[in-house]
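Residue-level structure breakdown
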Amino acid sequence: MSDHYAVIGNPIAQSKSPMIHGMFAQASGQDMTYTRIEAPLGGFKDAVDAFRAAGGKGLNITAPFKLDACDYASERSRRVQLAGAANAMKFVGERVLAENFDGVGLVRDVTHNLQCALKGKRVLLLGAGGAARGALLPFLAQEPLELVIANRTLQKAFDLASIGAQWGRVRSSSYAELAGHSFDLVFNATSASLRGELPPVPASVFTHCSLAYEFAYGKGLTPFLRLARNSGVNPLADGVGMLAEQAAEAFFWWRGVRPETRAVIDKLTVPLV
Ligand code: ATR
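Residues numbered from 1 in each chain as written. Predicted model: local features only at pLDDT ≥ 70, side-chain atom pairs only at ≥ 80, totals over all residues. Heavy atoms only, no water.

**Examining the sheet that holds strand 5 (residues 88-92)**
Quick reminder of the rule: By the convention used here, strands pair only if DSSP detects at least 2 bridges between them. A run of H or I in DSSP counts as a helix once it spans at least four residues, and a run of E counts as a strand once it spans at least two, with each numbered from the N terminus.
As summarised here, the arrangement of the six strands in space is 2-1-3-5-6-4, forming an open sheet in which the pairing is mixed. The sheet is open, and its two borders are formed by strand 2 (32-38) and strand 4 (75-76), each paired with just one other strand. As defined by bridge partners, strand 3 (residues 58-61) adjoins strand 5 across three bridges and the pair is classed as antiparallel. Its bridge partner being in strand 5, Asn 60 is matched across the sheet by Ala 88.

Listed below in structure tokens is the structure:
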């Protein structure tokens, strides 16, 4: 019988994970199935219990259950402990292992696919929510010259920078304080783009910038990317590579086989125009 995996969330119809893992499985000859589970709000535990009872081997977790997955696990990686959130689980007997591959997927996309090193660079991260938190440790592991976290609610940026301080050079900033400062790499981890909004970032941050990266994917030229483009930044990237790479990390964790991501990225890419 095939090993069974799924992605769990609410809503879940929009998830690309079944398609991505289906492509990975086919290309690597893995005997597995991968479906969607829409758990009711407050119903995460029951849904996962039922999935495990039916022999399920692993899950991806998406909104709004990433914190529930962290609580549900019996073993949490350091990345999960830091992020307080998990996006993948593996079931081994009674053990429930939790991982968070969002940040490592992002770093692999930037350093491998986009061929852009973080080491020694001045890096600006916009936002201090769950997405930014997931990127913190993987970013600092790359040893940037400096990581600046800017957020509307300054206290959240300060708290995140305080957590990161033990791993590398990181500080918080308001948006206003960014005026006149430039960064080598700028990442938008806010959820502003999902509503077509622009975080109040001054265009000066792009003056010497060699990559503007939008965490959201499939939205085309978001207001953030448009501002970067109009400031002369090249290349621009959205989160399609991050999506594919975090999936590849989970696939490798589950199956012991590292899938190629290029075909998935090509299939899901929406032109940035
Ligand atoms: P996610 O899991 O996507 O990170 P989240 O944890 O709700 O979602 O965090 C959303 C992030 O986007 C926060 O950093 C939020 O800023 P605040 O903490 O100040 O609320 C940021 N954000 C959302 N809309 C924004 C906007 N229009 N401009 C700037 N930042 C915005």
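**Description of the side chain of Ser 17**
Rules: Contact definition: two residues touch when any of their heavy atoms are within 4.5 Å.
Turning to its location among the elements, Ser 17 is positioned in helix 1 (residues 17-28). Apart from the residues lying within four places of it in its own chain, the contact partners of Ser 17 are Val 7 and Tyr 34.

**Examining helix 8 (residues 223-230)**
For clarity, the threshold we go by: Relative accessibility under 20% of the residue-type maximum defines a buried residue, over 50% an exposed one, and the middle range a partly exposed one, all with a 1.4 Å probe and only protein chains included. Here the arc refers to the set of directions running from the helix axis out to each C-beta atom.
Every buried residue of helix 8 is accounted for by Phe 224, Leu 225 and Ala 228. Angularly, the buried residues of helix 8 cover 95° about the axis, an arc narrow enough to put them on a single face. Turning to helix 8, the residues buried within the fold contact strand 7 (122-126), strand 10 (185-188), strand 11 (211-214) and strand 12 (236-237). Looking one or two places after helix 8, you find Gly 232, whose phi comes out positive at around 90°.

**What to know about empty space enclosed by the protein**
Counted only if it meets this: Cavities and pockets were defined on a 1 Å grid built over protein atoms only: a cavity is a set of grid points that admits a 1.4 Å probe from which the probe cannot escape, a pocket is an open set flanked by protein on both sides within 12 Å along at least five of seven lines, and lining residues are those with an atom within 4 Å of any such point. Grid points are joined across faces, edges and corners, and a volume is the space filled by probe spheres set on the points. All domain edges in this entry derive from an automatic or database-based domain assignment.
All chains considered together, the criterion is met by one cavity of 30 Å³ or more. Here the largest cavity is characterised by a volume of approximately 40 Å³. Secondary structure elements with two or more residues in the lining of the largest cavity: helix 4 (78-83) and helix 6 (130-141). Domain assignment of the residues forming the lining of the largest cavity places at least three in each of domain 1 (3-100) and domain 2 (103-240).

**Thoughts on helix 1**
Owing to its 3.6 residues per turn, the α-helix brings residues three or four apart onto one side. Heads up, the rule is: By this rule, a helix spans an expected 1.5 Å times one less than how many residues it contains.
Compared with an ideal rise of 1.5 Å per residue, which puts twelve residues at 16 Å, helix 1 spans 16 Å between its outermost C-alpha atoms and is within 8% of the ideal. Those residues of helix 1 hidden inside the fold are in contact with strand 1 (3-9), strand 2, strand 3, helix 9 (240-255) and helix 10 (262-268). A positive backbone phi angle near 70° is found at Gly 29, which sits one or two residues after helix 1.

**Some remarks on the layout of surface pockets**
Left-over empty space is what a probe sized like a water molecule reveals as it rolls over the atoms. Here is the rule: In the scheme used here, Gly and all other residues not listed as nonpolar or charged are polar, with Ala, Val, Leu, Ile, Met, Phe, Trp, Tyr, Cys and Pro taken as nonpolar and Asp, Glu, Lys and Arg as charged.
Estimates place the volume of the largest pocket at around 1500 Å³. Lining the largest pocket we find 48 residues, and of these Thr 62, Ala 63, Lys 66, Ala 131 and Leu 194 sit closest to its centre. Contributing elements (two or more residues each) for the lining of the largest pocket: strand 3, helix 3 (66-72), helix 6 and helix 9. In terms of residue count, the dominant contributor to the lining of the largest pocket is helix 6 (four residues). Per-class residue counts for the lining of the largest pocket are 21 nonpolar, 18 polar and nine charged. Taken together, domain 1 (3-100) and domain 2 (103-240) each give at least three residues to the lining of the largest pocket, which thus spans both. Roughly 210 Å³ of volume is contained in the second largest pocket. Broken down by secondary-structure element, the contributors of at least two residues to the lining of the second largest pocket are helix 5 (102-113), strand 12, helix 9 and helix 10.

**A word on the site of the ligand**
Note the following rule: The rule for a residue being near a molecule or strand is that one of its heavy atoms must lie within 4 Å of it. In protein, a polar contact requires one atom able to donate a hydrogen and another able to accept it; more generally it is a pair of N or O atoms within 3.5 Å, and residues adjacent in sequence count only if both atoms are side-chain atoms. Cavities and pockets are treated as containing a molecule whenever more than half of the molecule's atoms lie within 2 Å of their grid points.
Every one of the 16 residues lining the ligand counts as a neighbour, but Asn 151, Arg 152, Thr 153, Lys 156 and Glu 197 are closest to it. A distance of 2.7 Å separates an oxygen atom of the ligand from a polar atom in the side chain of Lys 156. Glu 197 places a side-chain nitrogen or oxygen 2.7 Å from a nitrogen atom of the ligand. The site holding the ligand turns out to be the largest pocket.

**Here we look at the pairing of strand 9 (residues 170-173)**
This is how the line gets drawn: Handedness of a crossover is defined as follows: with both strands directed away from the viewer, a clockwise route from the first strand across the helix to the second makes it right-handed.
Judged from the four bridges that link them, strand 8 (residues 146-150) and strand 9 form a sheet pairing that is parallel. Residue pairing for strand 9: Ala 150 is matched across the bridge by Ser 173. The handedness of the strand 8 to strand 9 crossover, carried by helix 7 (residues 154-164), is right-handed.

**Concerning the domain arrangement of the protein**
To keep it simple, the criterion reads: Two parts placed together each lose some accessible area; with a 1.4 Å probe, that loss summed over both constitutes the buried area. The salt bridge definition used is simple: a Lys or Arg side-chain nitrogen within 4 Å of an Asp or Glu carboxyl oxygen.
Looking at the assigned domains, one finds that the protein contains domain 1 (3-100) and domain 2 (103-240). Between the C-alpha centres of domain 1 and domain 2 there is a distance of 27 Å. Both sides together, the interface formed by domain 1 and domain 2 hides about 730 Å², and carbon and sulfur atoms give 70% of it. Contact with domain 2 buries area across many residues of domain 1, yet Arg 78, Arg 79 and Leu 82 alone supply 67% of it, more than any other trio. Taken together, the links from domain 1 to domain 2 amount to zero salt bridges. The residue inventory of the side of domain 1 that touches domain 2, partitioned by class, reads two nonpolar, one polar and three charged.

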